[in-house]
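# Chain and residue survey
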Amino acid sequence: MRIARFSIDGNVAFGAVEGDKPDELVLDIIKGIPFADFELSGTKVPLSKVRLLPPVLPNKVVAFGRNYAEHAKELGNEVPDSPFAFFKPSTSVIGPGDEIQYPSFSSELHHEAELAVVIGRMCREVPRERVKDVILGYTCANDVTARDVQKREKQWARAKGFDNSCPLGPWVETDLDLAAIAEGITIQCTVNGAQRQLGRTSEMIHSVEDLIVNITEAMTLLPGDVILTGTPAGVGPLNVGDEVAVTIEGIGTLTNKVIKRG
């Protein structure tokens, strides 16, 4: 099931996305929330009539860096022996079609296409064999990074945590499974239609299971929290006016435009 969060006529709701052709997609409005038992209402609205929002509003976004060897290499970094985590605040999250505002304190903005894991239940110290039970589904993410600030400040809070730096969407796909991710699904990033990144999740150094086991050893994850699993090689610059799209096989496409910060 594809679960979207959307607004229509001033109201916010979740809905199940139905259909295959982009211009014929409809939303069956969900009774309740996707983190508990819910029913489909049978009330359907065309996707073209709503505004898609970030599919979840995470309490926290836990991101893992240097989880693809070629990406670590392209930036001159060593591959870490164990998962390497950092945070993006909830205020960094935007949805599909929302604008990425170029931060005034940077002159080198980069895209980073990533598979995002959406947590479905409160969990702590999750054993490997239970990881699948705490996952609601998966979505597309763009870990937008002020690369010059990251290099200069070493600590990544401003470089990766600024407003609009975590586009998520377009929806949460619940049917993707860990075996398919391990075998390899395609992650692609285009800028103005030109391909920049193309990788497969099978290239991840640390698996989804590794990452969730690692972070839940230290902290509790809440329903709606998001795990970013790292980016493949090919990261590069974004400029004002660019349209950046992250496409992940089996999920969909997340598109955002870069604008000048007002």
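Attention here is on the structure that accompanies the text.

The rules we used
Residues numbered from 1 in each chain as written. Predicted model: local features only at pLDDT ≥ 70, side-chain atom pairs only at ≥ 80, totals over all residues. Heavy atoms only, no water. Helix = DSSP H or I, 4+ residues; strand = E, 2+ residues; numbered from the N terminus. Buried < 20%, exposed > 50% of the residue type's maximum accessible area, 1.4 Å probe, protein only. Contact = heavy atoms within 4.5 Å. Areas by Shrake-Rupley, 256 points an atom, 1.4 Å probe, with all protein chains shown as cover. Lys, Arg positive; Asp, Glu negative; His and termini not counted. Charge placed at Lys NZ, Arg CZ, Asp CG, Glu CD. Pairing = 2+ DSSP bridges. Salt bridge = Lys/Arg side-chain N within 4 Å of Asp/Glu carboxyl O. Axes fitted to C-alpha atoms, helices over the stretch in contact; angles between N-to-C directions.

A tally of regular secondary structure across the protein chain gives 5 helices and 20 strands. Each principal axis of the C-alpha distribution contributes one length, and for the protein chain these read about 55 × 45 × 30 Å. Going through the 262 residues of the protein chain one by one, you find that 53% of them count as buried. Counting contacts in the protein chain only where the partners sit at least 6 residues apart, residues at least 24 apart contribute 69% of the total. On the protein chain, roughly 11700 Å² of surface is accessible, and the fraction owed to carbon and sulfur atoms is 48%. Across the protein chain, the centroid of the 27 positively charged side chains sits 5 Å from that of the 36 negatively charged ones.

In spatial order, the strands read β13-β10-β18; together these 3 strands make up an open sheet with antiparallel pairing. Unpaired on one side and paired on the other, β13 (145-146) and β18 (236-238) mark the two borders of the sheet. One ladder, built from 3 bridges, connects strand β10 (residues 109-111) with β18; its direction is antiparallel. Its bridge partner being in β18, His 110 is matched across the sheet by Pro 237.

Right, let's get into the pattern of salt bridges. One pass over the structure, following the stated rule, counts 12 salt bridges. For Lys 60, the salt bridge identified is with Asp 225, shortest N-O distance 2.8 Å. A residue pair is termed long-range when its members are at least 10 positions apart, and Lys 60 in the loop between β5 (51-52) and β6 (61-65) and Asp 225 in the loop between α5 (208-216) and β17 (226-228) qualify at 165 residues. Owing to a relative accessible area of 14%, Lys 60 belongs among the buried residues under this scheme. One salt bridge in this structure joins Glu 112 and Lys 160, with 3.4 Å as the shortest N-O distance. In this pair, Glu 112 is assigned in the loop between β10 and β11 (113-119) and Lys 160 in helix α3 (residues 157-161), connecting sequence segments 48 residues apart. Per residue, the accessibility class of Glu 112 equals that of Lys 160, and both read buried. Three or more residues joined by partner-sharing salt bridges are found here, namely Lys 88, Glu 112, Asp 143, Arg 147 and Lys 160.

Moving on to the sheet that holds strand β20 (residues 252-260). Strand order in the open sheet formed by 5 strands is β9-β20-β19-β15-β16, and the pairing between neighbours is mixed. Strand pairing shows two members of the sheet lacking a second neighbour, β9 (99-102) and β16 (194-200), which therefore form its edges. Here the average twist between neighbouring strands, direction ignored, is 20°. Pairing geometry for strand β15 (residues 186-191) and strand β19 (residues 243-248), over 5 bridges, is antiparallel. Across the sheet, the residue bridging to Val 191 is Val 244, located in β19.

Buried residues dominate α5, accounting for 7 of its 9 residues. The complete set of buried residues in α5 reads Val 208, Glu 209, Leu 211, Ile 212, Val 213, Ile 215 and Thr 216. Tucked into the core, α5 has its buried residues touching β6, β7 (84-88), β11, β12 (135-142), α4 (178-183) and β17.

It is worth spelling out unusual backbone geometry at this point. In this chain, Gly 169 is followed by Pro 170 through a cis amide linkage whose omega measures 5°. Relative to the elements of secondary structure, Pro 170 occurs in strand β14 (residues 166-173). One non-glycine residue, Arg 66, lies in positive phi territory at about 55°. Among the secondary structure elements, Arg 66 is positioned in the loop between β6 and α1 (69-74). Here Arg 66 falls in the partly exposed class, since its relative accessible area comes to 24%. One non-glycine residue, Glu 125, lies in the positive phi region at around 50°.

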